[in-house]
Amino acid sequence: MENFFAGPCPVTSDDATPAVRPTRRGVVAGALSGLGALALTGCEAQSRGSSSAATSAQRASWTVASGPPRQSGVTTKPGTHAHWVGLDLPDDATKDELRRALVVLDDAAARFVKGASPLPDVAHELAPRAGDVAIAVGLGPLVFDLDGMRAEAPAWLKPIPSMTLDDFEKPWKQTDLVVQVDTDNPVTVSHVVGQLVSALKGTATPRWQQRGFAAGARPSDGGVTRNLFGQLDGMEQPNVAGTEAGHVWNAAQPGASWMEGTTGMVIRRIRMDVDVWQSLDRTAQENAIGRRLTNGAPLTGTKATDPIDLEKTDELGLTVINPAAHVPRAMPKKTGERILRRPYSYEVARDDGTSDRGLVFVAFCADVVRQFVPIQQRLAEADLLNTWTTPIGSGVYLLPAAPRPGRYLGQDIVEA
Ligand code: HEM
């Protein structure tokens, strides 16, 4: 899949929770089931030194079209439907269970992105066409504490410090693993997710699942989708195909060559009070963000590509853009405070006939502490948008580089 966030952007322009490993009470499910067993057999063959052309081709398909091996689902064009599953390894897992989970995921995902089905999947008609689905797999902080792991977690791989506006709810907590699947067909998403979860049975247990949708962008919206507040969301992005690739992708680091091609993923579930928001007039809505609803232009300009002028004042001498609006608060204050956002909307029906609506806010960056946390802290301190938004879940993950031919996903980390 090609880089999507390439070329010019649409717009030019601590009290950290310690990563304490909870007591693992679960029983390791020794027996592998279905696909898991098959996939592990394949891996064991590889680790004894044999590999096949078919395996190499599968591995290569995890990568974006060119350049270093990187997982898809980051800079590839976001599908209109996405699904995330957070999973935990058993409480007494060692690196062997992690390895098993990664081998299983690697095998199944490599087949799906190639347009094939994993072996136990009999519903071939539901498999995506080659290149139609992007699958990304992330590791939570605690997997680096597993018995037998030698690779050390990067310092940024830890939960986002808790903020005053957080109101986290079960079950949206940090997990050991996350799997992200995105494509344009919701049936395909459902099928692929179901197969991946089933392949992991006995190895990793799902703790939560989140589904997101992003309206196909209208031509007049310049390829950017709208969230449930009606805003163009995801306009200002780093140019990841050019000079700003380093904001997202890590280079090899001393003693950790496996860091090359990794990235950090933050997933926040943010409830949005859409009903109250829709009772505001459009001026109040635009003031809260600092951009126009029609075309995303800054309130100091007319086109989406106009630069934001934070100094411009009106006839009363007040700044046209409220300094507490979302965009001026989120804009980088230091070099490198840039993140790649892939926002999706969610809507879940409640038992009382109403619905819970919001954003599955997903962002990627090379160093979560340096790039993401300062932005989140500023937004927590002051952001007009906070009146209508509440973070209800949060997780941070490291996405390993895509596997090199003959290796499984994350092998360089597990067997460092
Ligand atoms: C429900 C919650 C949120 C909504 C509705 C929202 C909406 C928006 C909108 C409409 C824009 C302007 C258009 C654009 O550039 O995409 C924007 C910009 C931005 N948002 Fe958010 N956002 C939310 C949460 C967050 C969070 C949690 C973060 C990070 C901690 C964040 C970071 C940013 C950044 C970095 C920009 C670009 C600022 C710039 O112009 O440089 N947003 N957001």
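For every chain, the first residue of the written sequence is number 1, and numbering continues from 1 onward in sequence order. pLDDT decides what is reported in this predicted model: residues at 70 or higher carry local features, side-chain atom pairs at 80 or more are listed and counted, and totals for whole chains, interfaces and linings draw on all residues regardless. As a convention, hydrogens and water are excluded, and side-chain values are obtained from all of the structure's heavy atoms.

A.B. asks: In this structure, what is going on with the environment of Leu89? I would like to understand it.
C.D. replies: Starting at the N terminus, helices and strands are each numbered in turn, a helix being any DSSP run of H or I of at least four residues and a strand any DSSP run of E of at least two. Tracing the backbone shows Leu89 in the loop between β1 (81-88) and α3 (95-113). Given a relative accessible area of 2%, Leu89 falls into the buried group. Residues Leu89 and Ala101, 12 residues apart in the sequence, show an inter-C-alpha distance of 8.5 Å. Categorising residues by exposure relies on relative accessible area from a 1.4 Å probe, with only protein chains included: less than 20% of the type maximum marks a residue as buried, more than 50% marks it as exposed, and the intermediate range marks it as partly exposed.

A.B. asks: Please clarify how α3 should be interpreted in this entry.
C.D. replies: One fewer than the residue count of a helix, multiplied by 1.5 Å, yields its expected span. Along its 19 residues, α3 runs 26 Å from first to last C-alpha, staying within 8% of the 27 Å computed at 1.5 Å per residue. Of all 19 residues in α3, 17 are buried; the element is thus mostly enclosed. Phi turns positive, to about 90°, at Gly115, one or two residues after α3.

A.B. asks: What am I meant to see in helix α8 (residues 368-381) here?
C.D. replies: For an α-helix, the turn length of 3.6 residues means that residues three or four places apart are oriented alike. Given a rise of 1.5 Å per residue, 14 residues ought to cover 20 Å, and the 18 Å separating the end C-alpha atoms of α8 matches this to within 8%. When you tally the buried positions in α8, you get 10 out of 14 residues, the bulk of the element. All of the buried residues in α8 are Val368, Gln371, Phe372, Val373, Pro374, Ile375, Gln376, Arg378, Leu379 and Ala380. On its buried side, α8 packs onto β5 (263-272), α7 (326-330), β8 (355-365) and β9 (389-399). Each polar contact in these results corresponds to two N or O atoms within 3.5 Å; when the atoms are within protein, one needs to be able to donate a hydrogen and the other to accept it, and residues that are neighboring in sequence are counted only if both atoms are side-chain atoms. With a side-chain oxygen positioned 3.1 Å from the backbone nitrogen of Val369, the residue opening α8 is Asp367. We call two residues contacting when some pair of their heavy atoms lies within 4.5 Å.

A.B. asks: Just to check I follow, could you spell out the pairing of strand β2 (residues 134-139) for this structure?
C.D. replies: The side chains of a regular strand alternate, first on one face of the sheet and then on the other. In terms of burial, β2 is largely enclosed, as 6 of its 6 residues are buried. Of the two faces of β2, the one lined by Ala134, Ala136 and Gly138 and the one lined by Ile135, Val137 and Leu139 are each fully buried. As paired elements, β2 and strand β3 (residues 177-183) share 6 bridges and run antiparallel to each other. Paired with Gly138 across the bridge in β3 is Val178. Two strands qualify as a pair provided that DSSP identifies no fewer than 2 bridges between them.

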